[in-house]
Amino acid sequence: GADAGESVGTETGTGEPQDTTADSEEMSGAESDTDVIFDVSDTKNPVSVTFEETRNETKADDGKVIFTSSAQKPVVSIDGAADIAEKINADITKYYDTFSYDETLSMAEEDYAASLGEDGWDFLGYSTDISAKVTRMDDTVISFQITAYDFTGGAHGNYGSIARNYSTKTGE
């Protein structure tokens, strides 16, 4: 499957695992673009997801890139239930608003300025990246794994993942 950070588009399906007993001829050469496989042969899933992607880059006065950010936010659509989809999307947006890009940018500006001082060092630009992938999507539940990566100097960045699960019947 594709890396969640690269996955863009719409996913639809019934949520049932694909029948792996199919003829090997039918399966040869076919690769999924996502980590989620759905059998769409029986019914059309009323639930679909697209991903809204944003990318930003901040440079210091001398042109050095000191901070980059990217976010991949799922946007849910439910045929015949726009109000429920909007409730889910509002909650996802509220969650994404908890990420503090301004705080990380401020740290990057301060640390870059300090790196130019007498005891300076090679500054590596800071970054915050948020990606999402669908882990379940059917006519009753939609689930996402949302992963955040922050690099604010040091030997390596930090990862964290959280699951968001919603009823496609109530939006809860």
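Scroll up a little and you will see the structure.
Please read all numbers here as calculations on a predicted model, not as lab measurements.

**Student:** What is the right way to read the sheet that holds strand β5 (residues 158-167) from this model?
**Tutor:** The strands making up a sheet associate through backbone hydrogen bonding, with each pair oriented either parallel or antiparallel. Strand order across the open sheet formed by five strands is β1-β2-β3-β4-β5, with mixed pairing between neighbours. A single partner strand is all that each edge strand has here, and the edge strands are β1 (47-59) and β5. Averaged over all adjacent pairs, the angle separating strand axes in this sheet is 15°, with direction ignored. As defined by bridge partners, strand β4 (residues 141-151) adjoins β5 across ten bridges and the pair is classed as antiparallel. Looking at the pairing, Phe-144 lines up with Arg-164 of β5. In the packing of helix α2 (residues 82-96) onto the sheet, contacts are made with β2 (65-78), β3 (126-137), β4 and β5, and the angle to β2 comes to roughly 160°.

**Student:** Just to check I follow, could you spell out the side chain of Thr-104 for this structure?
**Tutor:** With respect to the helices and strands, the residue Thr-104 is situated in helix α3 (residues 101-115). Separated by 3.4 Å, the side chain of Thr-104 and the backbone oxygen of Ser-100 make a polar contact.

**Student:** Mind showing me how you'd approach the nonpolar core here?
**Tutor:** Inside soluble globular proteins, nonpolar side chains tend to come together where they are buried. Membership of the largest hydrophobic core comes to 23 residues, with the highest contact counts inside it found for Val-49, Val-76, Ile-78, Ile-88, Tyr-96, Ile-142 and Phe-144. Elements with a contribution of two residues or more to this core: β1, β2, α2, β3 and β4. Counting residues per element, this core draws most heavily on α2, which supplies six residues. Aside from chain neighbours lying at most four places away, what touches Ile-88 is Val-76, Ile-78, Ile-142, Tyr-166, Ser-167 and Gly-171. With nine residues, the next largest nonpolar core counts Ile-66, Phe-123, Tyr-126 and Phe-151 among its residues.

**Student:** I keep staring at α3 and nothing clicks. Help me out?
**Tutor:** Given 3.6 residues per turn, any residue in an α-helix points the same way as the ones three and four places further on. Helix length check: α3 (15 residues) gives 21 Å between terminal C-alpha atoms against 21 Å at 1.5 Å per residue, within 8%. Within the span of α3, buried status applies to Thr-104, Leu-105, Ala-108, Tyr-112 and Ser-115. For α3, the angular spread of buried residues about the axis comes to 100°, placing them on one side. Every exposed residue of α3 that faces more than 90 degrees away from the buried side is listed here: Asp-102, Glu-103 and Glu-110. Each element contacted by the buried residues of α3 is listed here: β1, β2, β3 and β4. Of the residues that open α3, the one with a side-chain oxygen 3.3 Å from the backbone nitrogen of Glu-103 is Ser-100.

Rules of the game
Residues numbered from 1 in each chain as written. Predicted model: local features only at pLDDT ≥ 70, side-chain atom pairs only at ≥ 80, totals over all residues. Heavy atoms only, no water. Pairing = 2+ DSSP bridges. Helix = DSSP H or I, 4+ residues; strand = E, 2+ residues; numbered from the N terminus. Axes fitted to C-alpha atoms, helices over the stretch in contact; angles between N-to-C directions. Contact = heavy atoms within 4.5 Å. Polar contact = N/O pair within 3.5 Å; in protein donor to acceptor, adjacent residues only side chain to side chain. Core = buried A, V, L, I, M, F, W, Y, C linked by side-chain atoms within 4.5 Å. Buried < 20%, exposed > 50% of the residue type's maximum accessible area, 1.4 Å probe, protein only. Expected span 1.5 Å × (residues − 1). Arc of directions from axis to C-beta.

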